[in-house]
Amino acid sequence: MLSRREAMGILALGAILTGCSDSFAGTGVPGDPPAAPASFDAWYYAGAVNLYWELGPGWNEDSFRIYGKRITDPDHFLIAEVTNCSVGACTYRDINIVEGVSYNYYVTAVSPVSGLETATDYSIDVEVPNFTPPPVPTALETVALDEALYLRWDANARVDDEFQFYRVYLVTNDGEFLLGETDSEGFLDQLVSNGATFSYVVSAVDTQGHESGTSAVAAGTPRPDYAAEWIYAYQDRPQASGFVFQESDLTSPLVPGDSPNRHFRLEADAFGWWLVPGPSAQVNQQGFATTALKCGPGADFDCVDLKVAPATGYSPAAVGVSPQTSYVVRYSAGGGWRYGVIRIQLLGFDQNDHAIMIFDWAHQLQVDNRNLSKVADH
């Protein structure tokens, strides 16, 4: 037997509900009144009064009539007729209601043979509240991850004492599609692919099912990122000193330091460590102090990342690098530029006294898209 809430998923507004199981067919005698509907209940949710009942014992293909009235009215009137129920659970939604008004309902079973009508043993009062939704969520933003997008927004909807949860929608050319619900100001969409842009809106819902309008649209473009990569200095191990931004972890990003395909290589001398761009690449001459490659889910409140690549300041010249700093490299592709970021964790030496650099990295697959973490205008 379905629960009352589960049964709401199979209701149809107006009259006709489909699919009654033959196992509920009774053996009523012609001329006898039908069995009264059982387990009758009614409640308000999301702009409608929801009615629920079950088939009475000996049900014999009886139809049902729903009666209702404002509690201030003297008489009930017929609202709708339901000719079938599904698997013994009957439901109906009355949306012709007014906020701030209380209503009274009962249901009858109608014999298809005698035409006799039997009502539920009782009627139910339902108080309809004011249709006031929570505030619209604000400051929706996306954080670009590898094969995922993390959405976050402000908690302004929680000023409503009846706030309950949020709904997250994917925005497409065909409309908005519900992705899921959450009771926190964050949502992780893992049904995305790198290099494609996805748009979202968020709404807030209260305990009465009232849904706010949707937030402003936020878009995001997931891109590859990797942690704890390392390369050697060209002077120490030239075959493991070059780097190429990759789209997949199935391909090693390490190449020889003199490879014409390299996006950069590492060099080291008495004056420090240097990032040297390859033939088709340029490096931004400014380093950016950061605490992480990206400030995504679970990041510290004071997390600092490089969200958008600079528009200017790129050069084929080498740049000196430091730990806990992010650097942007761009390389020619598709008639424009692809932008990548590396964040250096460590500059040091291995057991053979070879200079190494350990770093995290990410790069945007869309040509001329400078968004490295959070989506922003570019």
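In the block above lies the structure referred to throughout.
None of these values were measured; they are calculated from a predicted model. Sequence order as written defines the numbering, with residues in each chain counted from 1. Where totals are concerned, whole chains, interfaces and linings use all residues; where local detail is concerned, this predicted model gives features only for residues with pLDDT of at least 70, and gives and counts side-chain atom pairs only at 80 or more. Side-chain numbers come from the whole structure's heavy atoms, not from hydrogens or water.

### Quick word on the overall build of the protein
- Secondary structure counts use DSSP, requiring at least four H or I residues in a row for a helix and at least two E residues in a row for a strand, with both numbered from the N terminus. The helix and strand tally for the protein stands at one helix and 27 strands.
- Compactness check: the protein gives a C-alpha radius of gyration of 32 Å against a globular reference of 21 Å for 378 residues, more than 25% above the reference.
- Seen through its C-alpha atoms, the protein measures out along the principal axes to roughly 105 × 40 × 40 Å.
- Pairs at least 24 residues apart make up 64% of the contacts formed inside the protein by residues separated by at least 6 positions.
- Total accessible area on the protein stands at roughly 17,600 Å², and carbon and sulfur atoms take up 50% of it. Radius of gyration means the value over C-alpha atoms here, while the globule rule gives 2.2 Å times the residue count to the 0.38 power. We call two residues in contact whenever any of their non-hydrogen atoms come within 4.5 Å of each other. Per-residue accessibility takes into account occlusion by the displayed protein chains alone, with areas from the Shrake-Rupley method and a 1.4 Å probe.

### Thoughts on the sheet that holds strand β5 (residues 89-94)
- A sheet is described by the order of its strands in space; here three strands give the open sequence β1-β2-β5, paired in antiparallel fashion. In this open sheet, the two strands that pair with only one neighbour each are β1 (38-45) and β5. The sheet shows a mean angle of 15° between the axes of neighbouring strands, taken without regard to direction.
- DSSP calls a pair of strands paired once it identifies at least 2 bridges connecting them. In this structure, strand β2 (residues 48-54) lies alongside β5, joined through six bridges in antiparallel fashion. The residue bridging Leu51 from the neighbouring strand is Tyr92, located in β5. Between the N-to-C directions of two axes lies an angle of 0 to 180 degrees, each axis being a line fitted to C-alpha atoms and, for a helix, fitted only over the stretch in contact.

### Structural notes on the packing of aromatic side chains
- Aromatic pairs are defined between Phe, Tyr and Trp rings, using the six-membered ring for Trp, whenever the two ring centres lie within 6.5 Å; interplanar angles under 30 degrees are classed as stacked, those over 60 as edge-to-face, and all others as tilted. Tallied over the full model, the rule gives 18 aromatic pairs.
- Aromatic side chains Tyr226 and Trp361 sit 4.5 Å apart centroid to centroid with 35° between the ring planes, which places their arrangement in the tilted category. Within this pair, whereas Tyr226 is found in strand β16 (residues 225-232), its partner Trp361 is found in strand β27 (residues 355-363), the two being separated by 135 residues in sequence. One exposure class covers both Tyr226 and Trp361, and it is buried.
- Taken together through their ring pairs, the aromatic side chains of Tyr226, Phe243, Phe245, Phe264, Tyr331, Phe359 and Trp361 make up a single cluster.
- Either the NZ atom of lysine or the CZ atom of arginine qualifies as a charge over a ring when it sits within 6 Å of the ring centre and within 35 degrees of the ring normal. In this structure, Arg265 is placed above the aromatic ring of Tyr234, and the distance from its NZ or CZ to the ring centre is 4.0 Å.
- It is Arg330 that lies over the ring of Trp337; its NZ or CZ is 4.2 Å from the centre. Buried means the residue's accessible area, taken with a 1.4 Å probe over protein chains only, is under 20% of the maximum for its type, while exposed means over 50%, and partly exposed covers the values in between.

### A word on the state of the cysteines
- Pairs of cysteine sulfur atoms within 2.5 Å are what we label disulfides. Evaluation of the coordinates by the stated rule reveals two disulfides.
- Put simply, Cys295 and Cys303 are joined by a disulfide, and their sulfur atoms are 1.9 Å apart. Linking Cys295 and Cys303, the disulfide has an S-S dihedral of approximately -85° and is accordingly described as left-handed.
- A relative accessible area of 4% places Cys295 in the buried class.
- Under the relative-accessibility criterion, Cys303 is labelled buried at 18%.
- Should the bonded cysteines of the protein be numbered as they appear in the sequence, the pairing reads 1-2, 3-4.

### Examining the nonpolar core
- Membership of the largest hydrophobic core comes to 25 residues, with the highest contact counts inside it found for Phe245, Phe264, Leu275, Val321, Ile342, Met357 and Phe359.
- For this core, the secondary structure elements donating two or more residues are β16, β19 (264-269), β20 (272-277), β21 (281-284), β25 (325-333), β26 (336-349) and β27.
- Definition of nonpolar core: a set of buried residues of the types Ala, Val, Leu, Ile, Met, Phe, Trp, Tyr and Cys, connected through side-chain atoms within 4.5 Å. Ranked by size, the runner-up nonpolar core spans 24 residues in total, among them Phe40, Trp53, Cys90 and Tyr92.

### Side note on the sheet that holds strand β10 (residues 148-152)
- Ordered by their spatial adjacency, three strands build an open sheet running β9-β10-β13, and the pairing between neighbours is antiparallel. Two strands in the sheet have a free side with no partner beyond their single neighbour: β9 (141-145) and β13 (186-189). Strand-to-strand, the axes of this sheet are offset by a mean angle of 20°, without reference to chain direction.
- For β9 and β10, the ladder comprises five bridges, and the chain directions are antiparallel. Bridging from a neighbouring strand, Leu145 pairs with Ala148 of β10.

### Focus on the pattern of salt bridges
- Definition used for salt bridges: Asp or Glu carboxyl oxygen within 4 Å of a side-chain nitrogen of Lys or Arg. For the structure on display, the rule yields eleven salt bridges.
- Close ionic contact of Asp305 with Lys307 constitutes a salt bridge, the shortest N to O distance being 2.6 Å.
- Of the residues examined, Lys307 reaches a relative accessible area of 25% and is grouped as partly exposed.
- Connected through shared salt-bridge partners, Arg65, Glu81 and Glu117 make up one network.

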